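Overview (structure and organization)
Here is how the chains run, residue by residue.
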Amino acid sequence: MPILGIGVDILHLPRLISLLSRRGSEAFATRILSSQELRTFQLLAEQHGEDDTKRIAQFLGVRWAVKEAAYKALYPIRPTWKEVTYLSFNGTTGVKPTLVCRPVRNDVGPANKLHVSVSHDGDYVYAQVIAEST
């Protein structure tokens, strides 16, 4: 399986928290999340409320970093924010984190498998994506 690209991104959460305080987390989420991610975000916001800034910022920060890393791995293909969906580890089923690119256009190129790894510690989120052709 040839590797088509590798992308990484690191995000400093206080920078995102500052942005969210100025623009609002709902507006930011609507801009960058796929419809599936947005539903998960809305459930999280309902459960924890907008007051849980750190948790909401971490949820959005992980997706931001993953999508930035995906764009770097997929270059020169340029999917939109909403065409890339990150599904985190599912403790119930044991399914590892997954990244799916569902492009609207048919001319997106040969990448048909994406591998993702995310780490977050304190104020930082790190994401790595490997684009592979099978």
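What counts and what doesn't
Residues numbered from 1 in each chain as written. Predicted model: local features only at pLDDT ≥ 70, side-chain atom pairs only at ≥ 80, totals over all residues. Heavy atoms only, no water. Core = buried A, V, L, I, M, F, W, Y, C linked by side-chain atoms within 4.5 Å. Buried < 20%, exposed > 50% of the residue type's maximum accessible area, 1.4 Å probe, protein only. Helix = DSSP H or I, 4+ residues; strand = E, 2+ residues; numbered from the N terminus. Contact = heavy atoms within 4.5 Å. pLDDT = per-residue confidence, 0-100. Pairing = 2+ DSSP bridges. Axes fitted to C-alpha atoms, helices over the stretch in contact; angles between N-to-C directions.

Quick look at the nonpolar core now. Counting residues in each nonpolar core, the largest one holds 35 residues, and the members touching the most others are Leu16, Leu33, Phe41, Leu60, Leu99 and Val129. Taken together, the elements giving at least two residues each to this core come down to helix 1 (13-23), helix 2 (25-32), helix 3 (35-48), helix 4 (53-74), strand 2 (84-87), strand 4 (113-121) and strand 5 (124-132). When residues of this core are assigned to their parent elements, the largest contribution, twelve residues, is made by helix 4. In this structure, Leu60 is in contact with Leu16, Leu20, Ser25, Phe28, Ala29, Ile32, Leu33 and Phe41, ignoring residues within four places of it in sequence.

Moving on, we get to the confidence of the model for the chain. Residue-level pLDDT values for the chain average 89, and 92% of them are 70 or greater. Within the chain, strand 5 carries the highest mean pLDDT (96), whereas strand 3 (residues 98-101) carries the lowest (89).

By definition, the strands of a sheet pair up through backbone hydrogen bonds, in either a parallel or an antiparallel sense. Taken together, the three strands give an open sheet; going across it, the order is 1-5-4, and neighbouring strands pair in antiparallel fashion. Of all the strands in the sheet, the pair left with one neighbour each is strand 1 (3-12) and strand 4. Mean inter-strand twist for the sheet, computed between neighbouring axes without regard to direction, equals 10°. As paired elements, strand 4 and strand 5 share nine bridges and run antiparallel to each other. The residue bridging Ser119 from the neighbouring strand is Tyr126, located in strand 5. Packed on one face of the sheet, helix 1 meets strand 1 and strand 5 and runs near 70° to strand 1. Lying over the sheet, helix 4 contacts strand 1, strand 4 and strand 5, oriented at roughly 150° with respect to strand 1.

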